[in-house]
Amino acid sequence: MPNAAEKIAHIEAALRHRFFPLVPERAQRWTVEQHEVDRCSRSLAAYALCGMCGIADATAAGALVDGSDDGGIDALYFDRARQRLIVVQSKYKRPNNADNPQGTGPNQAETLKFINGTKALMERRFDGFNAAVRNRLDEIEEALDTPGVKICLILPFLGEALDVHAKADLDAFVAQWNNLSDCMSAAVVGIAQTYDWMVAEQANQAVDVRLTLEKWSSVTAPRKAVYGLVKGQDLAALVTEHGTALFERNIRHYLGSVGVNVAIEETVRRRPEDFFYLNNGITAVTAAITQAPGSADRCVFGLAAFSIVNGAQTAGSITTASLAAAISENAKLHITIIEVPDPTDDFAVRVTRARNYQNQVRGVDFAALDPNQERIRQELAAVGIRYHYRPSAESRIRQDDAFTLEEAALALACLAFVVTDGQRRGHRGQNAVDFVVIAKREIGRIWEQEGAIYSNLFPASISGIRICRLVRIYQFIDRILAGSERAETAYDRRMFFRHGRYFIMAFVAHRLPRLIAKAAPGLTAEEEREISQETNHLSEVIFATSRAMQVDRGFLAIFRNLTDAQPLAEKVLLRLAELDAAQNQQAPASAAAPVIAAAATDQA
């Protein structure tokens, strides 16, 4: 799970993505940073209303009243359904130490201003407020005239606990108004609550369906299941209505009109009566099977939390065929539906794995069964990034706001670990050289869910924000090294940049640990310049150091074998230590040139 710094980075990225289009800059002549903090603060106030009341972003942004003469109040909203008047004071103070975010909430003076503003509202002293507050007077007075209404004071900020003096003042104010009845409450909305709201919004909702089976039968022990024939047109209607949500427990989504899927479409359209005989059928799991009155020839079943765990390609192909023309009623296929009432029961996963092993699948496909991957998808979806951990037609399209599990695994393998020498291998955690060699030699091993490598790359503690940053860094360095390969005319240097990319990336991560570990999903222009300079410098150091190893082997052999790559890494570590020592002995103004010159001398 993400740490506090990563949660804050996640929250800010989500606020920018969702609310900045709705919360423009003010007219004040502020610096860019002042405008950004102000917009983040107002966006946080608006999002607190979304989290508390479940309202749309635009509605929440419309409830903002922040500005001069706001009485310390940033947003007002009457939640009529729950009879609550929500009064918000938001603070967006970035902590100096994001892992220990103290002092980020309102101080005592700010809290007292909020208390006095709320008191003025409740006493209907509106004259001192700005136009934004007065424009909501009808709503405010309606709330204040509603018997049993509760005034809810909400304080969202980048921390978890109020200042002790601010809390004492707030508690006293609430206690005063609750003297007769429980009419007021106050709640802190810290980073944990805001983060949890944002991630929970991205969870896939369970799909409940009704499905008609023909020629059906059932078993009741040891588990309940029904099986029979389903019409292709009924299945296509379900896919059209629910989309990928219908396959959330599958290892893959529909891959499009490729390979065998084309043949399935052709059979459905041209030989519908043969479809049952030529297709393996589909398998689904459900939380509950409910039977309507019917007969053995035809019966309607209600299926709660229904998911197709094997047959996504069949279902998708039938749906694609239905878009071209109506499907014949003679196109039918076999379906098995297994009831798994307990969502924590791993039997559904076992069914998915067993049924799909009968088809041609890759190791990466089964990573979709890891619940950790769905958590990562939800985290990234909250900040506007699409993470494809299931193969699908959409995942094949290169887009700036999306990446795949394969890209994530490769970025983690190249950038998430420390380069160590032979004496310290096994004593300082995983060695980056091990991972980059495996990625070069057997790339499929890094995303095999049951392998030891996968669990190291995707531990339960990994956050979506960290993965996104490493993918962005990986993509940026890869573009630099690909450009270097294209620009080279000498064969050995082209092969170095082609086969040594992962190795070079591991050293970039080794040399820029703070930049790599920063809790932010993307890169600034300054960070890109620093990465670019370090990548070019390290490339020359590594190339020069590897020259002696090229007597009897090429770069492909060197970088895909640990017996060559580990000694090379140790020599590079020593060479970098020498260059660092030489640089430290020189005046700061002239330190950079000798380091680069030394690398160039080695190359010659």
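*Asks:* Hey, could you run me through the pattern of salt bridges in this one?
*Replies:* Two side chains that carry opposite charge are able to pair once their charged atoms sit near each other. Under the counting rule described, the total for this entry stands at 42 salt bridges. Glu266 is paired through a salt bridge with Arg270; the nearest N and O atoms lie 2.2 Å apart. Of the two residues, Glu266 and Arg270 are both situated in helix H10 (residues 260-270); the distance of four residues between them amounts to about one turn of the helix. When salt bridges that share partners are traced, they join Glu12, Arg16, Glu36 and Arg94 into one network.

*Asks:* How should the sheet that holds strand S1 (residues 75-79) be read in this particular structure?
*Replies:* As summarised here, the arrangement of the four strands in space is S1-S2-S3-S4, forming an open sheet in which the pairing is mixed. In the strand order of this sheet, the two ends are held by S1 and strand S4 (184-189), each with one partner. Across the sheet, the mean angle separating the axes of adjacent strands is 20° when strand polarity is ignored. Against the sheet, helix H6 (residues 137-144) contacts S1, strand S2 (84-88) and strand S3 (150-156), and its axis sits at roughly 50° relative to S1. Against the sheet, helix H7 (residues 164-177) engages S3 and S4, with an angle of about 155° to S4.

*Asks:* Even after reading the chapter, I still don't get unusual backbone geometry, so can you show me in this structure?
*Replies:* Phi is mostly negative for residues that are not glycine, and the peptide bonds are mostly trans. Between Ala221 and Pro222 the backbone carries a cis peptide bond, its omega angle lying at 0°. Non-glycine residue Asp69 carries a positive phi angle of around 60°. Residue placement: Asp69 occurs in the loop between helix H3 (57-62) and S1. We classify Asp69 as exposed; its relative accessible area is 53%. The phi dihedral of Lys215 falls on the positive side, at around 50°, and the residue is not glycine. In this fold, Lys215 is placed in strand S5 (residues 209-219).

*Asks:* When you look at the nonpolar core in this model, what are you seeing that I'm missing?
*Replies:* Within soluble globular proteins, side chains that are nonpolar generally end up buried alongside one another. Counting residues in each nonpolar core, the largest one holds 107 residues, and the members touching the most others are Leu457, Phe458 and Phe507. For this core, the leading source of residues is helix H18 (residues 464-487), giving ten residues. Ignoring any residue separated from it by four or fewer positions in sequence, one finds Leu457 in contact with Ala409, Leu412, Ala413, Phe417, Phe435 and Ile446. Of all hydrophobic cores here, the second largest spans 33 residues; its members include Leu213, Phe275, Ile327 and Ala331.

*Asks:* Explanation requested: the packing of aromatic side chains in the structure shown.
*Replies:* Two aromatic rings are characterised by how far apart their centres lie and by the angle between their planes. Across all of its chains, the model carries 17 aromatic pairs by this definition. Summarising the aromatic geometry, the rings of Tyr454 and Phe458 are spaced 5.1 Å apart at their centres and angled 35° between planes, so their arrangement reads as tilted. Taking relative accessible area as the criterion, Tyr454 reaches 3% and is therefore assigned buried. Using a relative accessible area of 4% as the deciding quantity, one classes Phe458 as buried. Consider the rings of Phe496 and Phe543, whose centres lie 5.2 Å apart with planes at 70°: the pair is edge-to-face. One end of the pair, Phe496, is in helix H19 (residues 491-499); the other, Phe543, is in helix H22 (residues 525-546), and 47 residues separate them in sequence. An identical accessibility class is assigned to Phe496 and Phe543; each is buried. Put simply, the rings of Phe496, Phe497, Phe503, Phe507, Phe543, Phe555 and Phe559 touch in pairs and so form one group of aromatic residues. Cation over ring: Arg493 sits above Phe543, and NZ or CZ is 4.7 Å from the ring centre.

Criteria and thresholds
Residues numbered from 1 in each chain as written. Predicted model: local features only at pLDDT ≥ 70, side-chain atom pairs only at ≥ 80, totals over all residues. Heavy atoms only, no water. Salt bridge = Lys/Arg side-chain N within 4 Å of Asp/Glu carboxyl O. Helix = DSSP H or I, 4+ residues; strand = E, 2+ residues; numbered from the N terminus. Pairing = 2+ DSSP bridges. Axes fitted to C-alpha atoms, helices over the stretch in contact; angles between N-to-C directions. Contact = heavy atoms within 4.5 Å. Buried < 20%, exposed > 50% of the residue type's maximum accessible area, 1.4 Å probe, protein only. Core = buried A, V, L, I, M, F, W, Y, C linked by side-chain atoms within 4.5 Å. Phe/Tyr/Trp six-rings, centres within 6.5 Å; stacked < 30°, edge-to-face > 60°. Lys NZ or Arg CZ within 6 Å of the ring centre and 35° of its normal.

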